[in-house]
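Coordinates in review
Spelled out from the first residue to the last, the chains are:
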Amino acid sequence: MLTRLQLKNFKGWEETPGIRLAPLTVFFGSNSSGKTSLLQSILLLKQTAESSDRSRVLHTGDRRALVDLGTGSDIVFGHDPSRKIGIDITWRLPSPLELPRSRPTELRFLLDVGLGGEGQPYVHLARYMTDEVRVDLELREDAQGYDLKSEPPLKRQKGRPWPLPAPVRFYGFPDEVWNYFQKASWLADLALALEHQLARVQYLGPLRLKPERSYVWSGERPSSVGTSGEDAVAALLAAEAEGRKVARGVGKGRRYEPLSATVARSLKEMGVIDSFRVERINKNRKEFEVRVQRTPRSAEVLITDVGVGVSQMLPVLVQCYYARRGATVIFEQPEIHLHPRVQADLADVFVDASLNGTVQFIIESHSEHFLRRLQRRVAEEQIGKDHVAFYVCDASEGSSRITELQVDEVGAISNWPKDFFGDEMGDLTAMTQAAMRRRKRK
């Protein structure tokens, strides 16, 4: 699970403080306030780590990438190529690492990237840290290769001290390390731990695909529902094929049921539809239909023939419960196209999945109803105040700024920003004054 994020000179952020990431982290803010950029920094590292080009420092995106951020000059603050982009992440390891003199359970990675000719990024510094270990791969002052420094120190092999070549992508140690240094094999474990953490990151964007009248499934098992929810039905069928069950509820109310049953139950509890099922069109074909029933007395129809809210909600629900233990799932506006009451109910889905599935959620949202439900669950002691982290982003002074909302044991927030969700009291006052003026005229 990611536990901390800090950025420097990344898009609209000149510098952020260390941002605490909880099992349920939600970023709020006005449009273009920088909250999406926080999510994109993590996705940028993920898509670069998964790039087939080992020499690419930052894969800023294309049509097939998770995010398309343009060029190097597009992602540096103020479009100033003299600045260095910094991304600093910390995460909790699923099991301790076997390092010299220590077995850490948390690892930190710090990256500084500069822009060279034609805006091409290069690694200035790649650093791994634990409480007792620190390893730096840093560009030499003459820019002719890299120096490796570590604590505890590594012993250099006998021979001329050649500089090291550039890192593999932005985080991997070049192969020459094993020839230049003695007993350095544990360095590979650091890079592998970062790869594994980024592989556990999944993403669902704000614009989900429209539903289809039929879906083709050939037995593949997708890793997620896809960035636009395109694999949501495939994920449901894959989970059913492997007999996978998910947990819902807490204490004596906890139950294990198939993923499709969990999704159907959630949709019914939210009042979105009464029933939901995925059905094979023909025994000898690979096509499937998603059929829903709006009310107990209404006819069963295809998902294409009901409101858009169902199709927008389906990938969110599937992703929440389909994600494997230890995953970090990033959502942009999961509440989009949903009724305010359903937005509040959706918060309960995230609470349930984060507790039972041990999945971390990092969410960008505009929903006051979503936030209020999470506050209520803190007050009701269904989740502790440390289980959530709420932030407000603002870009009123040129550079984006972030404020963590202080939540107490009863879910109350002590530092509400002015007009956080609009000026509701001002609107009510203006409406009352207008009514009084009209009555006076009459």
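Up top is the structure.
In short, a report on the structure. If you're wondering where the values come from, they're calculated on a predicted model, not measured in any experiment. (Residues numbered from 1 in each chain as written. Predicted model: local features only at pLDDT ≥ 70, side-chain atom pairs only at ≥ 80, totals over all residues. Heavy atoms only, no water.)

Overview of the packing of helix α6 (residues 259-269) against helix α7 (residues 308-322)
Running from N to C, α6 and α7 cross one another at 130°; their axes reach a closest spacing of 10 Å. The pairing of α6 with α7 is recorded here as oblique in orientation. As α6 packs across α7, the resulting crossing turns out to be right-handed. Of the residues in α7, those touching α6 at L259, T262, V263, S266 and L267 are M313, L314, L317, V318, Y321 and Y322. (Axes fitted to C-alpha atoms, helices over the stretch in contact; angles between N-to-C directions. Helix = DSSP H or I, 4+ residues; strand = E, 2+ residues; numbered from the N terminus. Parallel < 35°, antiparallel > 145°, perpendicular 65-115°, else oblique. Left-handed = near helix turned anticlockwise from the far one by under 90°. Contact = heavy atoms within 4.5 Å.)

Points about the nonpolar core
In this structure, F27, F109, L148, F170 and L187 are the most contacted members of the largest nonpolar core, which totals 67 residues. Counting 65 residues, the second-largest nonpolar core is a separate cluster that includes W217, A234, A235 and V306. (Core = buried A, V, L, I, M, F, W, Y, C linked by side-chain atoms within 4.5 Å. Buried < 20%, exposed > 50% of the residue type's maximum accessible area, 1.4 Å probe, protein only.)

Thoughts on the pattern of salt bridges
As enumerated under the stated definition, the model contains 35 salt bridges in all. Between E14 and R83 there is a salt bridge, with its nearest N and O atoms 3.4 Å apart. Taken as a pair, E14 in strand β2 (residues 13-15) and R83 in the loop between α2 (72-75) and β5 (85-92) lie far apart in primary sequence, 69 residues in all. Note on R83: relative accessible area 25%, which makes it partly exposed. Salt-bridge contacts for R248 lead to E269; the nearest nitrogen and oxygen are separated by 3.1 Å. Residue R248 is located in strand β12 (residues 245-248), and its partner E269 is located in helix α6; the two are separated by 21 residues in the primary sequence. Since its relative accessible area comes to 10%, R248 is described here as buried. Taking relative accessible area as the criterion, E269 reaches 47% and is therefore assigned partly exposed. The structure contains a network of salt bridges with shared partners spanning R341, D345, D348, R373, R376, R377 and E380. (Salt bridge = Lys/Arg side-chain N within 4 Å of Asp/Glu carboxyl O.)

Quick notes on the sheet that holds strand β17 (residues 328-332)
The mixed open sheet is built from six strands, whose spatial order is β10-β17-β18-β4-β19-β20. Only two strands of the sheet have a single neighbouring strand rather than two, namely β10 (201-204) and β20 (399-404). Between one strand axis and the next, the sheet turns through 20° on average, direction left out of account. Alignment of strand β4 (residues 24-29) against strand β19 (residues 388-397), held across six bridges, turns out to be parallel. (Pairing = 2+ DSSP bridges.)

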